[in-house]
Amino acid sequence: MPPEPQAPYAPWPSPISTSDVARSGLGLGFPTVLGEEVWWEENRPAEGGRRTVVHRAADGTRRELLAAPWDARTRVHEYGGRSYAVVPGRGIVFTHHADQRLYLAEEGAEPRPLTPEPDLPTGLRYADLLVRDFPHGTEVWCVQERHHPDAKVSRSIVSIALPPAAQPGAEPDGRLAEVVERASGSDFYASPTISPDGEHVAYICWNHPRMPWAGTELRITSVADGRSWTIKGGVTESVLAPRWRDDRHLYLVSDWSGWWNLYEIGIFGTSPLALFPAEEEFAGPLWQLGGLPYLVLDDGRLAVVHGRGDLRLGILDPDTGVLTDVDVPYQGWMPAFSADGTILAGIAYGPDTPRSVVRVDMVTGRVEGLRRDIPELPDVAFLPSPQAIEIEGGLGRRVHAYLYPPANPDHTAEGPSPYVVFVHGGPTAHATTALSLDKAFFTSRGIGVLDVNYGGSTGYGRAYRERLRGQWGIADVEDTVAAAKWLAAEGLADPTRIAIRGESAGGWTVMAACCASGVFAGGVSVAGVSALGPFVAATHDFESRYVEWLVGPESLYGSREPLSRADEVTCPMLLMQGLADPVVPSSQSEAFADRLTARDIPCTYLTFEGEAHGFRRLETRTAALAAELSFYLQIFQKSG
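Residues numbered from 1 in each chain as written. Predicted model: local features only at pLDDT ≥ 70, side-chain atom pairs only at ≥ 80, totals over all residues. Heavy atoms only, no water.

Per an unreviewed UniProt entry, the protein carries the name Acyl-peptide hydrolase and comes from Planotetraspora mira.

Moving on, we come to helix 5 (residues 505–516). For an α-helix the count is 3.6 residues per turn, leaving residues at separations of three or four pointing the same way. Counted at 1.5 Å a residue, the expected span for helix 5 with its 12 residues is 16 Å, and the 16 Å between its end C-alpha atoms agrees. When we look at burial in helix 5, the residues that qualify are Ala505, Gly506, Gly507, Trp508, Thr509, Val510, Met511, Ala512, Ala513, Cys514 and Cys515. (Helix = DSSP H or I, 4+ residues; strand = E, 2+ residues; numbered from the N terminus. Expected span 1.5 Å × (residues − 1). Buried < 20%, exposed > 50% of the residue type's maximum accessible area, 1.4 Å probe, protein only.)

Following alanine 68, the chain continues into proline 69 via a peptide bond in cis, with omega recorded as 10°. Tracing the chain through its elements places proline 69 in the loop between strand 5 (62–64) and strand 6 (84–87). Although it is not a glycine, threonine 122 sits at a positive phi angle of roughly 55°. Looking at the element boundaries, threonine 122 is found in the loop between strand 9 (112–113) and strand 10 (124–134). You will see that aspartate 128, though not glycine, has its phi angle at about 60°, which is positive. With respect to the helices and strands, aspartate 128 occurs in strand 10. Residue aspartate 128 is classed as buried on the basis of its relative accessible area of 8%.

Turning to the pattern of salt bridges, a few remarks are in order. A side chain of one charge can pair with a side chain of the opposite charge if their charged atoms are brought near each other. Here the structure, examined in full by the defined rule, presents 47 salt bridges. For glutamate 280, the salt bridge goes to arginine 312, with nearest N and O atoms at 3.6 Å. Within this pair, whereas glutamate 280 is found in the loop between strand 21 (273–274) and strand 22 (294–296), its partner arginine 312 is found in strand 24 (residues 312–317), the two being separated by 32 residues in sequence. For arginine 312, a relative accessible area of 32% puts it in the partly exposed group. We note a salt bridge from arginine 469 to glutamate 466, for which the minimum N-O separation is 3.7 Å. Beyond isolated ion pairs, a larger network of salt bridges with shared partners links Glu42, Arg44, Glu47, Arg50, Glu64 and Arg371. (Salt bridge = Lys/Arg side-chain N within 4 Å of Asp/Glu carboxyl O.)

This brings us to the pairing of strand 11 (residues 137–147). Judged from the nine bridges that link them, strand 10 and strand 11 form a sheet pairing that is antiparallel. Within strand 11, the residue paired with phenylalanine 134 across the bridge is glycine 137. Pairing of strand 11 with strand 12 (residues 153–161), which is carried by nine bridges, proceeds in the antiparallel orientation. What sits directly across from glutamate 145, in strand 12, is arginine 155. (Pairing = 2+ DSSP bridges.)

A few words on helix 10 (residues 618–635). A rise of 1.5 Å per residue sets the reference length of helix 10, with its 18 residues, at 26 Å; its end C-alpha atoms lie 26 Å apart and thus fit the reference within 8%. Residues Leu618, Thr620, Arg621, Ala624, Leu625, Ala627, Glu628, Leu629, Phe631, Tyr632 and Ile635 constitute the buried set of helix 10.

This next bit is on the sheet that holds strand 24. Read across the sheet, four strands follow the order 22-23-24-25 without closing on themselves; strand pairing throughout is antiparallel. Edge positions in the sheet fall to strand 22 and strand 25 (322–325), since each has one partner strand and no second. Strand-to-strand twist of the sheet, defined as the mean angle between neighbouring strand axes without regard to direction, takes the value 25°. Here four bridges tie strand 24 to strand 25, and the two strands are oriented antiparallel to one another. Note on strand 25: the bridge partner recorded for leucine 316 is leucine 323. (Axes fitted to C-alpha atoms, helices over the stretch in contact; angles between N-to-C directions.)

This is the structure we're talking about:
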């Protein structure tokens, strides 16, 4: 148990305010490039967190295509993904968050619905949109998620014919489009892509209880007669991101070797050909639909991301197997590309460069940053410089992490500093070195950050991911505790002033770590899971069987879940929760807070009306960060 406080911790003065951090989250995502034009998704924190689509014209002017109250967000899998697709020469098709219907937004006209009003509110949802021209007209192909009155959920690949463009001065056709089912029978679908000749559609599918990083199948369906067959994948192989090489061959990403690598395969049963075998990842986990980790350029080469942890941009020649990194001023790239000819658009970042929409000419090497997630940066001297480190965890296992020491040009740490151990959500996800004002907010005040990619994180191969199988609440806790102890052993952190914070699955780890160890002076959990039985009963369909892989049978729940072990917590805690969260209900945080309060353990429980899984509103993000800083200032006391 931490010693009794003697004097409050005094933070360094910093120019980075709570409002600076709250306004920085534009959430740039899913760019589309056509010639000199680029589109992307962008958040509006000051407008309730709604999401819009921005268009950058060939002359460089930037325009928002969807004004309030339009909100381009899909709820498929509850985590959504790409919510729009460009209809060349006409506008965009997008999913509106309020009703989850598809709308067509044409130039100069109000968006009009394409799909019917569902019987249940938001009961028909659409994602992974693909616009394709056929001889008979233009169609949108996508994943449809259908919610039934008995609470069951089904999904399929569907196509929707776009209405003809309205003639100048004429009223648009108000009839709804027909939704045609193209593939069904599996629990989940992703990544529909149509062959160049229009005869076949390829896609990824999988069934409960698997998650897409555990086992998926690559299937082909004939557009003409609906015949389907599997060409790759299975219960222990994660296949992702099919793209057509020609009418009879596909590229894909598979982890059957232990790493997500690139392959080529024929659609009628030929053996897969490894394009660049390496102990590196060429993709990330499929939490959101619509992202592509590589693209086929017009000259036949592939634009790819690859690496461990952060993913670099490269060009792979599939004929020679030569992979060449592209010289760009960005350290990492999100696995969500678009390409037209040899022009690529993506989301890139660096430790001192915000996530940015970037346009790259893959022939000339010209790089153009189009939009930054953080419009105005503080002096770079106030930004931390991350260091990739490896820590020895339990049983000699290596644990990956990024170290962010305190950084402030006007102050120097005298002796060990206070630190916060960050735990990412997922848990099948990973932390990167992307510039984060959230981290800089603390490091510029003299509080260091250690961002841990505990066992189970992506970015380091399947074996590293599998370390969490059946070990959630054990392996993640052991790794974060080992990280905290490493900070103290290295003389970086004052052992009495180390806190831990995490969101969602990271919140589970925070609560579990505070139950299991006295190493932390306090813990901050945002939308954390505290009790497995109620979580499994109440959570959404996509993750409803995830706990089977993470923990195992129900008989193990009591020994793992933080709520059953809350009597072991001895440190103060701050719990924060959105009251409209469909992924982790607020009852999870509330039950844990009640247990601590009943034992007189200092616990603050903050709730936010209208917020779901991840805070989007400017006022919420400002208040939550202020509360978190206040919590650290109270627990980071100098010991006598």
